[in-house]
Amino acid sequence: MALAVRLRIGHDRRVDRTARLALAVDRQGGRCLWCGRRFGPLIPPTTEHLVPRLKGGPSIAANEAAACPRCNADRGHTGPVDWLAQCRSRHGWAPQASLLATLLNALDVELDNVGGHRRAKRYLSGQLRRCRSGQ
Ligand SMILES: [Zn+2]
């Protein structure tokens, strides 16, 4: 519930990008969503889109997560579920998998609320199916 409230606040146009990034960092426990490293002066958080812009992902708070610069650059346009799998298998990291599932579900609800974004919705439902099937 707290997450939903935060996401809604984050969607408010008056909340600027910096504040939205701070909210994302907070809901991720101060760690990169993908590699789990703690953010700090040497590892500054960057804004990452759950559904890539290339797949129609909108710039709204619910589509944003905080990632370290390394993960942000390495992931590129890779889908969140594929990237999560790569974090584990290729890099041996411990990504926040259950949080990713929570964020993707919250984004799905938010896209319904906002309306439109059909391409992102379609892409997201594929990602959610794969989340549920444990991939
Ligand atoms: Zn990272």
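Just above sits the structure.
Summarised in this report is the structure supplied together with it. Residue positions are counted from 1 within each chain, in the order its sequence is given. Totals for whole chains, interfaces and linings use every residue, but because this is a predicted model, local features are given only for residues with pLDDT of at least 70 and side-chain atom pairs only at 80 or more, for both listing and counting. To get the side-chain values, take all heavy atoms of the structure and skip hydrogens and water.

### A word on the coordination of the zinc ion
Shown as donors are all N, O and S atoms within 2.8 Å of a metal ion, widened to 3.2 Å for Na, K and Ca; because water is not in the atom set, sites may appear incomplete. Distances from the zinc ion to its protein donors, Cys 32 (SG), Cys 35 (SG), Cys 68 (SG) and Cys 71 (SG), fall at 2.3 to 2.4 Å. The geometry test gives tetrahedral to four donors whose angles all lie between 85 and 135 degrees, gives square planar to four donors and octahedral to six donors whose opposite members are over 155 degrees apart with all other angles between 65 and 115, and gives irregular to the rest. Considering all 4 donor atoms around the zinc ion, the spread of angles at the metal, 101 to 116°, places the coordination shape in the tetrahedral class. Linear spacing of the donor residues for the zinc ion on their chain is C-x2-C-x32-C-x2-C. Residue burial is assigned from relative accessible area. The probe radius is 1.4 Å, only protein chains are included, and a residue is buried under 20% of its type maximum, exposed over 50%, and partly exposed in between. Here Cys 35 falls in the buried class, since its relative accessible area comes to 10%.

### Some details on a positive patch on the surface
To count toward a patch, a residue needs a relative accessible area over 30% and no salt bridge; like charges are then connected within 9 Å, while nonpolar side chains (Val, Leu, Ile, Met, Phe, Trp, Tyr) are connected within 5 Å. In short, Shrake-Rupley with a 1.4 Å probe defines the accessible areas, and a residue's cover is counted only from the protein chains shown. Salt bridges are identified by distance alone: a Lys or Arg side-chain nitrogen within 4 Å of an Asp or Glu carboxyl oxygen. Positive: Lys, Arg. Negative: Asp, Glu. His and the chain ends are not part of the count. In plain terms, the charge of a residue is placed at NZ if it is Lys, CZ if Arg, CG if Asp and CD if Glu. On the surface, Lys 55, Arg 118, Arg 119 and Arg 122 cluster together into a positively charged patch. When you line up the elements, Arg 118 lands in helix H6 (residues 118-132). Each helix corresponds to a stretch of at least 4 residues labelled H or I by DSSP, and each strand to a stretch of at least 2 residues labelled E; elements are numbered beginning at the N terminus.

### Here we look at the nonpolar core
Counting 33 residues, the largest nonpolar core has Cys 32, Leu 33, Trp 34, Leu 50, Cys 71 and Leu 107 as the members making the most contacts within it. The set of elements that each furnish at least two residues to this core consists of helix H2 (17-27), strand E2 (64-67), helix H4 (80-89), helix H5 (97-114) and H6. Counting residues per element, this core draws most heavily on H5, which supplies 6 residues. Whether two residues touch is decided by their heavy atoms; if any such pair falls within 4.5 Å, the residues are in contact. Setting aside anything within four residues of it in sequence, one finds Cys 32 in contact with Arg 37, Phe 39, Ala 66, Ala 67, Cys 68, Cys 71 and Gln 96. Buried residues of nine kinds, namely Ala, Val, Leu, Ile, Met, Phe, Trp, Tyr and Cys, make up a nonpolar core once their side-chain atoms join them within 4.5 Å.

### Concerning the packing of H4 against H5
Here, axes are lines fitted to C-alpha atoms. For helices the fit covers the stretch in contact, and angles between N-to-C directions go from 0 to 180 degrees. As a packed pair, H4 and H5 sit with axes 11 Å apart at the nearest point and diverge in direction by 175°. If you check the angle between H4 and H5, you find them roughly antiparallel. Across from Pro 80, Val 81, Leu 84 and Arg 88 in H4, the residues of H5 making contact are Ala 97, Leu 100 and Leu 104. Its residues placed into classes, the contact of H4 with H5 shows 6 nonpolar, no polar and 1 charged. Here the angle decides the label: under 35 degrees means roughly parallel, over 145 means roughly antiparallel, 65 to 115 means roughly perpendicular, and every other value means oblique. Just so you know the grouping, Ala, Val, Leu, Ile, Met, Phe, Trp, Tyr, Cys and Pro go in nonpolar, Asp, Glu, Lys and Arg go in charged, and all remaining residues, Gly too, go in polar.

### As for the side chain of Glu 64
Tracing the backbone through its elements, the reader meets Glu 64 in strand E2. For Glu 64, the contacting residues outside a window of four places in its chain are Arg 17, Arg 20, Ala 24, Arg 27, Thr 47, Glu 48, His 49 and Ser 59.

### A short note on the packing of H4 against H6
Where H4 contacts H6, the axes come no closer than 9 Å and their chain directions differ by 40°. Considering their axes alone, H4 and H6 lie oblique with respect to each other. On the side of H4, the interface is formed by Pro 80, Val 81 and Asp 82, while H6 contributes Tyr 123, Gln 127, Arg 130 and Cys 131. Counted by class, the contact of H4 with H6 contains 4 nonpolar, 1 polar and 2 charged residues.

### Quick word on empty space enclosed by the protein
Lining residues are those with an atom within 4 Å of a point, where the points come from a 1 Å grid over the protein atoms alone and group into cavities, where a 1.4 Å probe fits but cannot get out, or pockets, open sets with protein on both sides within 12 Å along at least five of seven lines. Grid points are joined across faces, edges and corners, and a volume is the space filled by probe spheres set on the points. Under the counting rule described, the total for this entry stands at 1 cavity of 30 Å³ or more. The volume enclosed by the largest cavity comes to roughly 40 Å³. Taken together, Arg 20, Leu 23, Ala 24, Arg 27, Ala 61 and Glu 64 make up the full set of residues lining the largest cavity. For the lining of the largest cavity, the element with the highest residue contribution is H2, accounting for 4 residues.

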